[in-house]
Amino acid sequence: ELTYGRDNVREKTTLSTFYRFASSGDDTSQSWFNIKGSQLWKIQDSPWGIFADTEFDWSEFNAWEQRFAAHAGGQYRLLSLSRATDPDLWIKTLTLDGRVGAGPRKEFAGIETYLVIEGELGGIVNMTFAGDQTIEANASYYPVLATFDDYRFEANLNWKMPLHLKGMKGLSLALGIKYQYQLKVSPEDKNYDLLGTLGVTYGF
């Protein structure tokens with residue numbers, strides 16, 4: 001996985017991509033490419049922000065083959081802790097954000113090739129601890145708004161460890177776990193995907 005990120009007082013931008021390949025002997029069991037972009041505009045002196053994200057998946061062994069999704073909405077800071085204001089904390093910082101939004105999803109094959117509008121209800125936890133290591137965990141529930149009889153769920157956990165290399169400030173090693181669930185899928189598909197990722201991130 002490769003991740004590029006920028007975070008300042010006005011906005012936070014993240015662009016990430018991964019490719020997962022798995023095989024046993026001559027049989028390939030997974031070939032999955034993903035690219036995702038996320039943008040958060042922070043409202044000054046307010047716990048509120050405005051987010052927009054877009055994601056594209058290509059998977060050789062899922063009936064939907066290609067999937068595009070985009071969402072936008074509001075994000076709210078529910079919790080913010082810092083050792084600077086609370087010296088008894090063992091962590092350096094801890095934040096919890098909630099978000100509510102909606103947007104389109106399109107699958108190009110399988111049983112659901114029409115355009116659907118789905119909501120997003122999610123949460124994001126960020127923690128900084130020893131040696132400026134960070135853990136980010138997020139989870140989102142995506143119900144189909146027209147019928148509410150279908151939904152997706154996605155959760156991610158990423159642990160970043162800074163690589164203190166001369167002339168390479170901002171570079172980190174990243175370990176991740178990604179889980180996806182979709183209620184309605186083609187008979188030949190399974191409802192969930194679970195994968196681990198190993199990669200590098202660059203932030204400034």
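Rules used in this analysis
- Residues numbered from 1 in each chain as written.
- Predicted model: local features only at pLDDT ≥ 70, side-chain atom pairs only at ≥ 80, totals over all residues.
- Heavy atoms only, no water.
- Patch = residues over 30% accessible without salt bridge, like charges linked within 9 Å, V, L, I, M, F, W, Y side chains within 5 Å.
- Areas by Shrake-Rupley, 256 points an atom, 1.4 Å probe, with all protein chains shown as cover.
- Salt bridge = Lys/Arg side-chain N within 4 Å of Asp/Glu carboxyl O.
- Helix = DSSP H or I, 4+ residues; strand = E, 2+ residues; numbered from the N terminus.
- Buried < 20%, exposed > 50% of the residue type's maximum accessible area, 1.4 Å probe, protein only.
- Contact = heavy atoms within 4.5 Å.
- Polar contact = N/O pair within 3.5 Å; in protein donor to acceptor, adjacent residues only side chain to side chain.

Asker: Looking at this model, I keep getting lost on a nonpolar patch on the surface. Mind explaining?
Answerer: Residues L2, W159, L163, L165, M168, L173, L175, L198 and V200 make up a contiguous nonpolar surface patch of about 740 Å² in total accessible area. Those elements that place two or more of their residues in the nonpolar patch are β10 (171-182) and β11 (192-203).

Asker: Looking at this structure, how should I read the environment of F21?
Answerer: Looking at the element boundaries, F21 is found in strand β2 (residues 11-24). F21 sits in the partly exposed class, given a relative accessible area of 47%. Along the sequence, F21 and S31 sit ten residues apart, while their C-alpha atoms lie 4.6 Å from each other. Once residues within four sequence positions are removed from consideration, F21 is found in contact with T28, Q30 and S31.

Asker: Mind showing me how you'd approach the side chain of Q182 here?
Answerer: Along the chain, the position of Q182 falls in strand β10. The class of Q182 is buried, set by a relative accessible area of 5%. A polar contact of 3.0 Å, which involves the side chain of Q182, links it to the side chain of E107. One polar contact links the side chain of Q182 to the main-chain carbonyl oxygen of K184, over a distance of 3.4 Å. Discounting chain neighbours no more than four positions away, the residues touching Q182 are R67, R105, E107, E112, Y151, R152 and N191.

Asker: Explanation requested: the pattern of salt bridges in the structure shown.
Answerer: Here the idea is simple: oppositely charged side chains can pair when their charged atoms come close. A full pass over the atoms with the stated rule returns 15 salt bridges. Here K42 ties to D7 by a salt bridge, and the two come within 2.7 Å at their closest N and O atoms. On the criterion of sequence distance, the pair formed by K42 in strand β3 (residues 27-42) and D7 in strand β1 (residues 2-7) is long-range, its members being 35 residues apart. In this structure K42 comes out as partly exposed when scored by relative accessible area, which is 30%. With a relative accessible area of 45%, D7 lands in the partly exposed category. The shortest N-O distance in the salt bridge between D97 and R77 comes to 2.6 Å.

The values reported here are purely geometric and, on their own, carry no functional implication.
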